[in-house]
Amino acid sequence: MHASGLNRHIMIEPRATTATLLRAYLDADYRWECDGRWRHMRIGTVDPAVEAAFPDATRFGLLSAWNPQSVERATTENRAADGALHFWLAHGDLSYRPAFSSARDRSWREPSWLVAGLPVQAFDDL
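**A look at the overall build of the chain**
Each helix and strand in the chain was counted, giving 5 helices and 5 strands. Secondary structure of the chain in N-to-C order comes out as α-α-β-β-α-β-α-β-β-α. Within the chain, buried positions represent 37% of all 126 residues. Expressed as a percentage of contacts within the chain between residues at least 6 apart in sequence, the contacts between residues at least 24 apart total 54%. Of the accessible surface of the chain, which amounts to about 7700 Å², a share of 54% is contributed by carbon and sulfur atoms.

This is the structure we're talking about:
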């Protein structure tokens, strides 16, 4: 998961510290889609709705192909990368749902995917 637009909207230095990025990620708004409704979620909390939607999964995470390493890039590049990630998810053996992260004031928004069942190392590698 990457925080798109953070550099522009909350004045993070180009080589932001891990602590600065962590604060920004924890302060962001996260939502995922299920049954036509956008549901809130918080990093680090157990979400009964997610667990109910994916009863066989033992882990969950958000993946975003937008602005890798929190470095802003062109929308066309982000959309192409997101399309490739979606293609990979659609042709794999994972359960997933559309999701997004955004600033609480909506000054930036970034598409992502809630993915169930992917091993932690695979999340990190992606």
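**Re unusual backbone geometry**
In terms of backbone geometry, most residues other than glycine have negative phi values and most peptide bonds are trans. Positioned with a positive phi, Asn 67 is a non-glycine residue whose angle comes to about 50 degrees. Despite not being glycine, Arg 106 has its phi angle at roughly 65 degrees, a positive value. Within the fold, Arg 106 resides in the loop between β4 (95–102) and β5 (109–116).

Calculation notes
Residues numbered from 1 in each chain as written. Predicted model: local features only at pLDDT ≥ 70, side-chain atom pairs only at ≥ 80, totals over all residues. Heavy atoms only, no water. Helix = DSSP H or I, 4+ residues; strand = E, 2+ residues; numbered from the N terminus. Buried < 20%, exposed > 50% of the residue type's maximum accessible area, 1.4 Å probe, protein only. Contact = heavy atoms within 4.5 Å. Areas by Shrake-Rupley, 256 points an atom, 1.4 Å probe, with all protein chains shown as cover.

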